[in-house]
Amino acid sequence: MKVGVVGVGVAGASHLFDLVSDDRFSVVAVGASRIDRARRAADLFNVPLAFADPAIMFETGELDGVVVATPPSVTAGIVGAALRAGLPTLIDKPAAASADELEAVDRNAHHTRAAVAYNRRYLDHVIQGRAILSDGRLGVLTTIGCEWRGPFEQRFATGDTFRAKTGWGHGVLLDTVSHIIDMLLYLGVGPLVAERAVLATSPTGADTGGRIALQCVGSEPMITLRIVDDPLEDWRVEIRGTGGHLTVSRSGVSGRCRGQTIDRSAAETRRPVDDLLDLADGRPALGATLTEAIDVLRVIDQIRAVAHHGRRWSSPRAKALGRLNGSC
Ligand SMILES: NC(=O)c1ccc[n+]([C@@H]2O[C@H](COP(=O)([O-])OP(=O)(O)OC[C@H]3O[C@@H](n4cnc5c(N)ncnc54)[C@H](OP(=O)(O)O)[C@@H]3O)[C@@H](O)[C@H]2O)c1
């Protein structure tokens with residue numbers, strides 16, 4: 001498959017390494033907002049073509065698929081252009097800065113040819129956790145606690161990424177909380193509504209941490225999210241139900257339910273770029289659909305609103321979000 005990669009920063013470079021080390025792919029073009037950055041990446045990864053305008057790249061007729069790894073504020077427009085050109089498109093999360101931006105793409109393009117690379121969906125033990133939750137072994141869910149740790153303050157203060165210029169509500173909410181919301185919806189916990197949110201803010205104005213409470217619509221479990229500044233990266237989701245408990249974490253999935261012990265170490269099934277081959281052949285990808293990514297962004301929009309106004313989110317339409325599977 002001949003692939004073009006738009007965005008050659010932290011995420012784009014990771015996808016480029018995956019693509020150039022896999023014989024099934026040939027990277028024929030790279031793009032960045034600055035042509036010198038695109039050319040530097042083209043030299044490094046031995047790619048023939050470099051562009052500063054993604055729309056021109058998509059019109060070359062040289063591509064069978066596209067990876068988009070750009071700042072959320074510009075991603076929806078680039079994805080729309082790729083899908084209008086009929087190209088299978090892998091998008092790095094969260095795919096847009098707001099749900100409305102991504103919904104505009106969803107309505108106007110071939111959205112079934114897109115997948116959003118929330119990378120925990122590619123982990124075998126997370127897929128296993130989803131299976132355990134969907135078979136109802138945990139009973140009625142009672143509490144869910146999510147904790148994500150990382151050097152968030154530093155990430156939004158320094159460095160040569162778009163994060164140094166990020167404003168309030170577009171920091172860890174888009175970078176990290178989007179992963180947590182996608183993980184919860186992927187595990188079958190939803191629809192979700194934001195109840196409370198207190199966000200820590202960096203000197204540059206970006207949200208860099210916080211405590212968030214969500215409610216699972218129409219059922220019991222109160223869900224708490226803690227985003228904690230820490231030099232070491234770590235993450236875990238702890239779920240308790242009437243039938244037992246389950247922890248899905250960076251190191252694996254573990255717990256006990258209905259007298260059985262669950263203990264499986266973390267393992268990767270495959271890389272996100274593999275989704276491009278599935279999209280091209282009309283098979284379901286492991287990444288999120290655009291509809292699922294919109295659901296994630298709707299919850300992020302709610303969290304911004306409750307953090308801003310300091311009260312429970314309410315919608316005139318009381319629109320339910322996410323996926324119901326009866327587990328909570
Ligand atoms: N899945 C994960 O765990 C994970 C990890 C990291 C990042 N991400 C996601 O990946 C995305 C990119 O993050 P990053 O850390 O790679 O950011 P980054 O290092 O700042 O790189 C962004 C890239 O996008 C390019 N770009 C910006 N605007 C553009 C435009 N209008 N047209 C074409 N190219 C444009 C930039 O060009 P220049 O080089 O010229 O500036 C740069 O190459 C974000 O959505 C982020 O959330 C996901």
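Before reading on, note that the structure itself is shown above.
All figures in this text were calculated on a predicted structure; none of them were measured in a lab.

Participant: Teacher, can you tell me more about the site of the ligand here?
Facilitator: Inspection of the region around the ligand gives 27 residues, with V8, A11, R34, R37 and R163 positioned closest. Between the ligand and D92, the relevant distance is 3.1 Å, taken from a nitrogen atom to a side-chain nitrogen or oxygen of the residue. In this structure, K93 approaches the ligand through a main-chain N or O atom, which is 3.0 Å from an oxygen atom. Taken by itself the ligand offers 920 Å² of open surface, and the protein chains cover 85% of this. Put simply, the parts of the chain that give the shell around the ligand at least two residues each are α1 (10-20), α4 (72-84) and α8 (172-186). At three residues, α4 tops the list of elements feeding residues into the shell around the ligand.

Participant: When you look at α8 in this model, what are you seeing that I'm missing?
Facilitator: Within an α-helix, residues lying three or four positions from one another point in the same direction, as the helix has 3.6 residues per turn. The end-to-end C-alpha distance of α8, which contains 15 residues, comes to 20 Å, matching closely the 21 Å that a straight helix rising 1.5 Å per residue would cover. At S178, α8 shows its largest bend, some 35 degrees. For α8, a buried count of 15 out of 15 residues is recorded, marking the element as mostly surrounded by other parts of the structure. After α8 finishes, the residue G188 shows a positive phi value of roughly 95 degrees.

Participant: Honestly, the pattern of salt bridges in this entry has me stumped. Any pointers?
Facilitator: When charged atoms on two side chains of opposite charge get close, those side chains can pair. Inspection of the entire model under this criterion finds 22 salt bridges. For E147, the salt bridge is made with R149, and the minimal N-O distance between the two is 2.9 Å. The partly exposed category is assigned to R149, whose relative accessible area is 23%. When the shortest N-O distance is used, the salt bridge between D301 and R304 registers 2.8 Å.

Participant: So what exactly am I meant to see when it comes to the sheet that holds strand β13 (residues 252-257) here?
Facilitator: The strands that make up a sheet pair up through hydrogen bonds in the backbone, lying either parallel or antiparallel. Pairing is mixed across the open sheet formed by eight strands, whose spatial order is β8-β9-β10-β7-β11-β12-β13-β14. Pairing within the sheet leaves two strands with one partner each, and these edge strands are β8 (192-201) and β14 (260-265). For this sheet the average axis-to-axis angle between neighbouring strands, irrespective of direction, equals 10 degrees. By the bridge criterion, eight bridges tie strand β7 (residues 141-150) to strand β11 (residues 234-241) in an arrangement that is antiparallel. Residue pairing for β11: C146 is matched across the bridge by V237. The strands touched by α8 within the sheet are β7, β8, β9 (207-216), β10 (222-229), β11 and β12 (244-249), with β10 carrying the most contacts at an inclination of about 145 degrees. Of the strands in this sheet, β8 and β9 are in contact with helix α10 (residues 290-309), which crosses β8 at around 60 degrees.

Participant: Would you mind showing me how to read the environment of V126 here?
Facilitator: Examined against the element boundaries, V126 turns out to sit in helix α6 (residues 124-134). Its relative accessible area of 0% is what places V126 among the buried residues. Distance in space between the C-alpha atoms of V126 and V253 is 7.1 Å, their sequence separation being 127 residues. Dropping the residues within four chain positions of it, V126 is found in contact with R120, M183, Y186, L187, W235 and V248.

Participant: For this particular structure, what's the right way to read the layout of surface pockets?
Facilitator: Any empty space left between atoms is shown by rolling a water-sized probe over those atoms. The calculated volume of the second largest pocket comes to roughly 180 Å³. Looking at the second largest pocket, it is lined by 15 residues, and the ones nearest its centre are T112, A114, L279, A285 and T289. Within the lining of the second largest pocket, the residues separate by chemical class into seven nonpolar, six polar and two charged.

Participant: For this particular structure, what's the right way to read the pairing of β9?
Facilitator: It is a general feature of regular strands that their side chains alternate between the two faces of the sheet. Burial analysis of β9 places nine of its ten residues in the buried class, the great majority of the element. Where β8 and β9 come together, nine bridges link them in antiparallel fashion. Bridging across to β9, L192 finds its partner in C216. Where β8 hands over to β9, the hairpin turn is made up of five residues, of which G205 adopts a positive phi near 100 degrees. Pairing of β9 with β10, which is carried by six bridges, proceeds in the antiparallel orientation. Each residue of the ladder has a partner; that of R211, found in β10, is R226. Connecting the antiparallel pair β9 and β10 is a turn made up of five residues, with G218 showing a positive phi of about 75 degrees.

Participant: When you look at the side chain of R120 in this model, what are you seeing that I'm missing?
Facilitator: You can see R120 is positioned in the loop between β6 (114-117) and α6. Although R120 lies buried, it forms no salt bridge, and the closest oppositely charged side chain, E233, sits 6.2 Å away as judged by the N-O distance. Side-chain polar atoms of R120 contact the side chain of H179, separated by 3.1 Å. Contacts of R120, omitting those with residues within four sequence positions, involve V126, W148, H179, M183 and W235.

What counts and how
- Residues numbered from 1 in each chain as written.
- Predicted model: local features only at pLDDT ≥ 70, side-chain atom pairs only at ≥ 80, totals over all residues.
- Heavy atoms only, no water.
- Near = heavy atom within 4 Å.
- Polar contact = N/O pair within 3.5 Å; in protein donor to acceptor, adjacent residues only side chain to side chain.
- Areas by Shrake-Rupley, 256 points an atom, 1.4 Å probe, with all protein chains shown as cover.
- Helix = DSSP H or I, 4+ residues; strand = E, 2+ residues; numbered from the N terminus.
- Expected span 1.5 Å × (residues − 1).
- Bend = angle between axes of the 7 residues up to and from the residue.
- Buried < 20%, exposed > 50% of the residue type's maximum accessible area, 1.4 Å probe, protein only.
- Salt bridge = Lys/Arg side-chain N within 4 Å of Asp/Glu carboxyl O.
- Pairing = 2+ DSSP bridges.
- Axes fitted to C-alpha atoms, helices over the stretch in contact; angles between N-to-C directions.
- Contact = heavy atoms within 4.5 Å.
- 1 Å grid on protein atoms, 1.4 Å probe; cavity = no way out; pocket = protein on both sides within 12 Å on 5 of 7 lines; lining within 4 Å.
- Points joined across faces, edges and corners; volume = space filled by probe spheres on them.
- Nonpolar A, V, L, I, M, F, W, Y, C, P; charged D, E, K, R; others polar.
- Lys, Arg positive; Asp, Glu negative; His and termini not counted.

This is a description of form; function is not addressed.
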